[in-house]
Protein chains: 2
Amino acid sequence: MPELAERFELSLPAGWQQQLPESTLTSDVDKMTFVLQLARWNIANKSGGPFAAAVFERETNRLIAVGVNRVVPQHCSLAHAEAMAIALAQQSLHTHDLSTASKHGFELFASGQPCVQCFGMTWWSGLTRLIVGARSEDIEQLTQFCEGPLPDGWQQLLANRTPLPPVEVQMDICREHAREVLISYAQSDGPNYSPGRS
Amino acid sequence: MPELAERFELSLPAGWQQQLPESTLTSDVDKMTFVLQLARWNIANKSGGPFAAAVFERETNRLIAVGVNRVVPQHCSLAHAEAMAIALAQQSLHTHDLSTASKHGFELFASGQPCVQCFGMTWWSGLTRLIVGARSEDIEQLTQFCEGPLPDGWQQLLANRTPLPPVEVQMDICREHAREVLISYAQSDGPNYSPGRS
């Protein structure tokens, strides 16, 4: 029997700290603009796909975690930007359930609409707000990525899911800027990491 | 600005190697029986939720990776059994796309029907076969867990998803045995790690 793996680690690319904002971001547009800059940096840095995400505490606007796509460099199809941001936030706060870690709750900014995997990660995370830049149709139009299926009415499912805490969804924040980031990935000839497509 | 996390690690519980089969498992029933023993061990060991999974190479029946639920002990809502098995298989094979790592392809045995997060993980993994023990309705009937939504026709979506490689789905393998494992978790008074429910 060959040796099987016991553990795996996922990490942000070197230099991520230099991408952080110098002061507290308070508006949705400012937070999404920061996330889109992070996605641009990940493209230029060739450290993963053209997506970034960040978790903030609501009300206080405290930045809790950032994420960028790490699928290809870290050999892990789970390592979407949202996965990185959610898991790093949970590590920092020492809980699998972000809904219990602050009376204010936490919000996830995602440069692109979550795929079904990241919809599921959002579902179980304990986040209470999701803010989206580019839509799935933008991603499929502007890049080679397939987006896959989502449950019908996914936004309403998140917003109304008794007995679980509701997740508010806000679409199209900085959508045009988010589309430009995707165009720059296509122009950079970055890899398509969908299964069977690389 | 407080320090943010840069990396996270997920691992199998100590003693997992002693749970491995001594010889090659060749039938679906034998593989699922092994996975269900692993889930029972995770319950008795109090090292996570009542779910286990394993990745095998198709045709050769080589065991590539195992996974058990690690959500609560490792503070990570991503750490479902399927996530562990998929990520550990990809680490061992040094690729984010299992469809490229063997001409035979790889299959995932899951003691319980994948939730939407694990459906998404399966979608992007490059696996080409998914074998399920207990159904979602068994999990919701026998434990406190909410299962959440799945895309309508999720089995057909996996089986027919041009241009991505198809994923065959086989349900109800050792379903009664899988239900007994879930009952034993409910009797053990194990935690409910759904958001807002712990």
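Summary of the structure given here. Note that the coordinates shown come from a computational prediction; the quantities given were computed from them, not determined experimentally.

Observations concerning the overall build of chain A
Now for step 1: Of regular secondary structure, chain A possesses 6 helices and 6 strands.
Now for step 2: In sequence order, chain A lays out its α and β elements as β-α-β-β-α-β-α-β-α-α-β-α.
Now for step 3: Computed over its C-alpha atoms, the radius of gyration of chain A comes to 16 Å, within 12% of the 16 Å expected for a compact globule of 198 residues.
Now for step 4: Counting only C-alpha atoms and orienting by the principal axes, one finds that chain A spans roughly 50 × 45 × 40 Å.

Describing the interface of chain A and chain B
Now for step 1: Counting from both sides, the interface comprises 68 residues of chain A and, opposite them, 68 residues of chain B.
Now for step 2: Interface area, chain A with chain B, both sides summed: about 6000 Å², of which 67% is carbon and sulfur.
Now for step 3: Counting every contact that joins chain A to chain B gives 2 salt bridges.
Now for step 4: Residue Glu9(A) pairs with Arg7(B) through a salt bridge whose shortest N-O separation is 2.6 Å.
Now for step 5: At the surface where chain A touches chain B, the tally comes to 21 residue pairs in polar contact (both at pLDDT 80 or more).
Now for step 6: Residue classes in the side of chain A that touches chain B are distributed as 38 nonpolar, 21 polar and 9 charged.
Now for step 7: As paired elements, strand E1 (residues 7–11) of chain A and strand E1 (residues 7–11) of chain B share 5 bridges and run antiparallel to each other. Looking across to E1(B), one finds that Glu9(A) is bridged to Glu9(B).

Quick notes on the packing of helix H2 (residues 81–93) of chain B against helix H3 (residues 116–125) of chain B
Residues and elements named next belong to chain B.
Now for step 1: Between H2 and H3, the least distance of the axes is 9 Å, while the angle of their chain directions is 20°. Judged on the interaxial angle alone, H3 and H2 are roughly parallel. For the pair H2 and H3, the crossing hand works out as left-handed. Only Cys118, Met121, Thr122 and Ser125 of H3 make contact with H2, whose side of the interface consists of Glu82, Ala83, Ile86 and Gln90.
Now for step 2: Broken down by class, the residue content of the contact of H2 with H3 amounts to 4 nonpolar, 3 polar and 1 charged.

Parameters at a glance
- Residues numbered from 1 in each chain as written.
- Chains lettered and ligands numbered in written order.
- Predicted model: local features only at pLDDT ≥ 70, side-chain atom pairs only at ≥ 80, totals over all residues.
- Heavy atoms only, no water.
- Helix = DSSP H or I, 4+ residues; strand = E, 2+ residues; numbered from the N terminus.
- Rg over C-alpha atoms; globule rule 2.2 N^0.38 Å.
- Contact = heavy atoms within 4.5 Å.
- Buried area = accessible area lost by both parts, 1.4 Å probe.
- Salt bridge = Lys/Arg side-chain N within 4 Å of Asp/Glu carboxyl O.
- Polar contact = N/O pair within 3.5 Å; in protein donor to acceptor, adjacent residues only side chain to side chain.
- Nonpolar A, V, L, I, M, F, W, Y, C, P; charged D, E, K, R; others polar.
- Pairing = 2+ DSSP bridges.
- Axes fitted to C-alpha atoms, helices over the stretch in contact; angles between N-to-C directions.
- Parallel < 35°, antiparallel > 145°, perpendicular 65-115°, else oblique.
- Left-handed = near helix turned anticlockwise from the far one by under 90°.

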